[in-house]
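# Architecture at a glance
This is what each chain is made of:
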Amino acid sequence: MSRTTTPVPRRPRMLQALLNLRREEVGPVLIAALFFFFVLTALMLLRPARDALGMERGIESIRWLFIGTAVFTLAVNPLFGWLVSRLRRLQFIGTTYGFFVLSLVGFWALLMFAPDSVGQRSGQVFFVWYSVFNLFATMVFWALLADRFTSDQGKRFFALISVGGTLGAIFGPWLTSQLARPLGTPNLLLVACGFLLLALAMAWLLVRAAPDRAPSDTSVETTGFASEGERIGGSAWSGLRAVFRSPYLTGIAGYILLMTVVATLVYFTRLQMVAQVTDDTDARTAIFGNIDMWTQVAVLVLQLTLTGNIIKRFGLGVALAILPAATALGFIGLAVYGSFVVLILLEATNRAVQRGITRPAREALFTVVSREEKYKAKAFIDTFIYRAGDVVGAQTEGAFGRLGLAMGALIGAVLPLALIWVALAIWLGRAQARRVEQLTAPAAPAASDGAQFGPGPPVARARTRAAR
């Protein structure tokens, strides 16, 4: 008796086991990871210089620079909203990155042809510009990912895609150390321009690698979206209004506000201690660069080992709650020991958890909002709300310093915030899960294999509004 044996495909099983990927997802995920790699390489080429230049006029000036950055991001948001409303997706993404490329060329020309005009004032301008550039460059990347992938896919491989950004964040400082002497600092700006152009090419490929989700009725707010040729529409201020209308988006904004307030308290505490160690700009740049490098190594370890498993096993709520819990424990340790080494460990842990676990989790929150909210509301949250948290944290730390309060007062402020932060994280995780259930329930029989990139047929208006 003969027996016919059907060969079992090994590759999809291996991808499923090791990377939690299906075969048709490998290409889009690889392109997205390269996209993030190029963006973070460009950013990290410039970050140490941003921090060192910002300290030229003292730490107090940085607090005012944070206010200037927040005001500038608020002013830029309606302009970005107008671009999203009027241009096609790749057009407004290209316009955003193109503006930053031209800005870098302008700074390069200033350094090359008018070096005598470069001083403290221009350093402050660069600090504000970089802070805005940093937020918008990464916001556009994550908005496109939330637009291209479903909630299930976001939970499964946003952490994997983040590995590309982490490698870029490690490669950027290394490339700076290798090219700064032979090329000179001004020409590093042009190198950053090249990486931004490569990132734009990856955005173009990503739009074409992953097929659009099923077109939906424009009167229905769903996670689906129409073809590349259609514009999103709406007003320039609709993103801001959406944040205050939707409790879900307000919750995301509150989470990010608390995160940035606490992170800024850590940041300024670090600046104070670094200022006490040395007043040399080059030495400070080296210290900041070393902190960035080792933090990124820790982020990479988390992304490759824990993040995907945490989200898959415990859900977004627990993944989001890890950061406030770890931050609270770190501040308690800082209050007990009060050394520079403990501070570095606190900041490294804070940033590693934030980028390695929290960032993929909170970006997955945006996979269940409308397309207009993915770009406009997300832009307002990830830029202005983020920088508003910087301002609150900077001014709070400054007020403590002027009042002569010790580290214990800082702990007294952070611990209650951390408790609220944890509660909000758990609520967001549950709210996202409810939205997924309501948005995907009608398509459950057709989408049981989970292979396609879209969430299925559009959902009724009443069901979607209930998800809010």
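Residues numbered from 1 in each chain as written. Predicted model: local features only at pLDDT ≥ 70, side-chain atom pairs only at ≥ 80, totals over all residues. Heavy atoms only, no water.

## Regarding the overall build of the protein
Quick note on the threshold: What counts as a helix is a DSSP run of H or I of at least four residues, what counts as a strand is a run of E of at least two, and both are numbered from the N terminus. Whether a residue is buried, partly exposed or exposed follows from its accessible area with a 1.4 Å probe, protein chains only, as a fraction of its type maximum: under 20%, in between, or over 50%, in that order. Note on definitions: a residue-residue contact is assigned when non-hydrogen atoms from the two residues lie within 4.5 Å. For accessible areas, the Shrake-Rupley method is used with a probe of radius 1.4 Å. Any residue's cover is judged against the shown protein chains and nothing else.
Tallying secondary structure elements over the protein gives 16 helices and zero strands in all. Within the span of the protein, comprising 468 residues, buried residues form 54% of the whole. Across the protein, the fraction of contacts at a sequence separation of at least 24, relative to all contacts at a separation of at least 6, is 85%. In the form shown here, the protein has an accessible surface area of approximately 19,900 Å², with 66% of it arising from carbon and sulfur atoms.

## Thoughts on the packing of aromatic side chains
Convention followed: Stacked, tilted and edge-to-face are the three classes applied to pairs of Phe, Tyr and Trp rings, where Trp contributes its six-membered ring and a pair requires centres within 6.5 Å; stacked means planes under 30 degrees apart, edge-to-face means over 60, and tilted covers the rest.
The full count for this structure, using the stated rule, is 26 aromatic pairs. Ring geometry for F36 against W142: centres 5.4 Å apart, planes inclined by 75°, an arrangement best described as edge-to-face. One end of the pair, F36, is in helix α2 (residues 26–54); the other, W142, is in helix α5 (residues 120–148), and 106 residues separate them in sequence. Like W142, F36 is buried. Relative to F195, the ring of F171 lies with its centre 6.3 Å away and its plane at 75°, an arrangement referred to as edge-to-face. Separated by 24 residues along the polypeptide, F171 in helix α6 (residues 151–183) and F195 in helix α7 (residues 185–209) bring together distant segments of the chain. With relative accessibility at 12%, the residue F195 sits in the buried group. Put simply, the rings of F35, F36, Y97, F141, W142, F149, F157 and F158 pair up and form one aromatic cluster.

## Here's the deal with the pattern of salt bridges
Quick reminder of the rule: Every case where a carboxyl oxygen of Asp or Glu lies within 4 Å of a side-chain nitrogen of Lys or Arg is listed as a salt bridge.
Scanning the entire structure with this criterion turns up 11 salt bridges. Between D390 and R387 there is a salt bridge; the shortest N-O distance is 2.4 Å. Taken as a pair, D390 and R387 lie in helix α14 (residues 371–402) at a separation of three residues, close to a single helical turn. Per residue, the accessibility class of D390 equals that of R387, and both read buried. Through salt bridges with shared partners, a single network forms among R359, R362, E363, K378 and D382.

## Considering the environment of F38
By the element assignment, F38 lies in helix α2. A C-alpha to C-alpha distance of 6.4 Å links F38 and L196, two positions 158 residues apart in sequence. The contact partners of F38, leaving out residues within four places of it in the chain, are F195, L198, A199 and M202.

## Some words on the packing of α6 against α7
Relative placement of two packed helices is described by the angle separating their axes and the distance separating the axes. Just so we agree on the cut-off: Lines fitted to C-alpha atoms define the axes here, with helix axes fitted over just the stretch in contact, and angles between the N-to-C directions of these axes take values from 0 to 180 degrees. Angular relationships are summarised with four words: roughly parallel below 35 degrees, roughly antiparallel beyond 145, roughly perpendicular across 65 to 115, and oblique for the angles in between. Rotating anticlockwise by less than a right angle from the far helix to the near helix defines a left-handed crossing, while the corresponding clockwise rotation defines a right-handed one.
One can describe the packing of α6 onto α7 by two numbers: an axis separation of 9 Å at closest approach and a directional angle of 135°. Judged by the angle between their axes, α6 and α7 are oblique. The interaxial crossing formed by α6 with α7 has right-handed handedness. For the pair α6 and α7, contact is made by F171, L175, T176, L179, A180 and L183 and by T185, N187, L188, V191 and F195, respectively.

## Remarks on α7
Formally: Here the expected length of a helix is defined as 1.5 Å per residue gap, with one fewer gap than residues.
Compared with an ideal rise of 1.5 Å per residue, which puts 25 residues at 36 Å, α7 spans 36 Å between its outermost C-alpha atoms and is within 8% of the ideal. Three or more residues of α7 are buried, namely P186, L188, L189, A192, C193, F195, L196, A199, M202, A203, L206 and V207.

## Quick notes on the packing of helix α4 (residues 89–113) against α7
The contact between α4 and α7 brings their axes to 8 Å, and the two run at 175°. Taken together, α4 and α7 sit at an angle that is classed as roughly antiparallel.

## Considering a nonpolar patch on the surface
Our working rule: Patch construction takes residues with relative accessible area above 30% that form no salt bridge. Like charges are linked within 9 Å, and nonpolar side chains (Val, Leu, Ile, Met, Phe, Trp, Tyr) are linked within 5 Å.
A contiguous nonpolar patch, built from L329, I332, V336 and Y337 and spanning about 470 Å² of accessible area, is present on the exposed surface. Assignment of secondary structure puts Y337 in helix α12 (residues 316–337).

## Quick look at the confidence of the model for the protein
Spelled out, the test is: pLDDT: the predictor's confidence for each residue, scored from 0 to 100.
Across the protein, the average pLDDT comes to 77, with 72% of residues at 70 or higher. The spread of mean pLDDT over the elements of the protein runs between helix α16 (residues 461–467), the lowest at 41, and α7, the highest at 90. Every residue in residues 214–226 is under pLDDT 50, and counting partners more than four places away or in other chains gives 40 contacts.

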